[in-house]
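Given next are the chains, with one letter for each unit.
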Amino acid sequence: MRIIARRTLKEFYEKPEYSDSKPPLKAWYHETKRAKWQDWTDIKEKYANASILRNNRVVFNIGGNKYRLVVKINFPAKVVYIRFIGTHKEYDEINAEVI
């Protein structure tokens, strides 16, 4: 899968208060980059706790569920768009289906 934009993840985990997110975010990035997802079933096989939302969105629990990563997936184009990364509190303030 092609991931847009890696910079969003890097900017997040380079903040001192979120530095503990670096290893799990890098692991997610590398796993996703190698993935050949065809549909939602492929994601749930690898990430059972991922939440599938409307509008092609998926929420991943990162760092033992400390952080939330929202992505939008275009399966035919094999592209994953990073839409949001933040804490649970920050996640509760957004509408993940439209962000």
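Above this text you will find the structure in question.
Attention here is on the structure that accompanies the text. (Residues numbered from 1 in each chain as written. Predicted model: local features only at pLDDT ≥ 70, side-chain atom pairs only at ≥ 80, totals over all residues. Heavy atoms only, no water.)

## Focus: the packing of aromatic side chains
As a reminder, the rule being used: In this analysis, rings of Phe, Tyr and Trp, with Trp reduced to its six-membered ring, are considered paired at centre separations within 6.5 Å, and the interplanar angle assigns stacked below 30 degrees, edge-to-face beyond 60, and tilted for intermediate values. Going along the chain from the N terminus, every DSSP run of H or I of four or more residues is numbered as a helix, and every run of E of two or more is numbered as a strand. A ring is considered to have a charge above it if a Lys NZ or an Arg CZ atom is located within 6 Å of its centre and within 35 degrees of its normal.
According to the stated counting rule, one finds eight aromatic pairs in the structure shown. Between the aromatic rings of Phe12 and Tyr18, the centroid separation amounts to 4.2 Å while the plane-to-plane angle is 10 degrees, which identifies the pairing as stacked. Summarising the aromatic geometry, the rings of Tyr18 and Tyr67 are spaced 5.9 Å apart at their centres and angled 90 degrees between planes, so their arrangement reads as edge-to-face. Of this pair, Tyr18 sits in the loop between α1 (6–13) and α2 (22–34) while Tyr67 sits in strand β4 (residues 67–74), and the two are 49 residues apart along the sequence. By the ring-pair criterion, three or more aromatic residues cluster together here, those being Trp28, Trp37, Tyr47 and Phe60. Here Arg6 stacks its cationic end above the ring of Tyr29, 4.5 Å away from the centre of that ring. Taking the ring centre of Tyr91 as reference, the NZ or CZ of Arg68 above it sits at 4.8 Å.

## Overview of the sheet that holds strand β5 (residues 79–87)
Our working rule: By this definition, two strands are paired if DSSP reports at least two bridges between them.
If you walk across this open sheet you meet the five strands as β1-β5-β4-β3-β2, and the pairing is mixed. Strands at the two margins of the open sheet, each flanked by one partner only, are β1 (2–4) and β2 (51–52).

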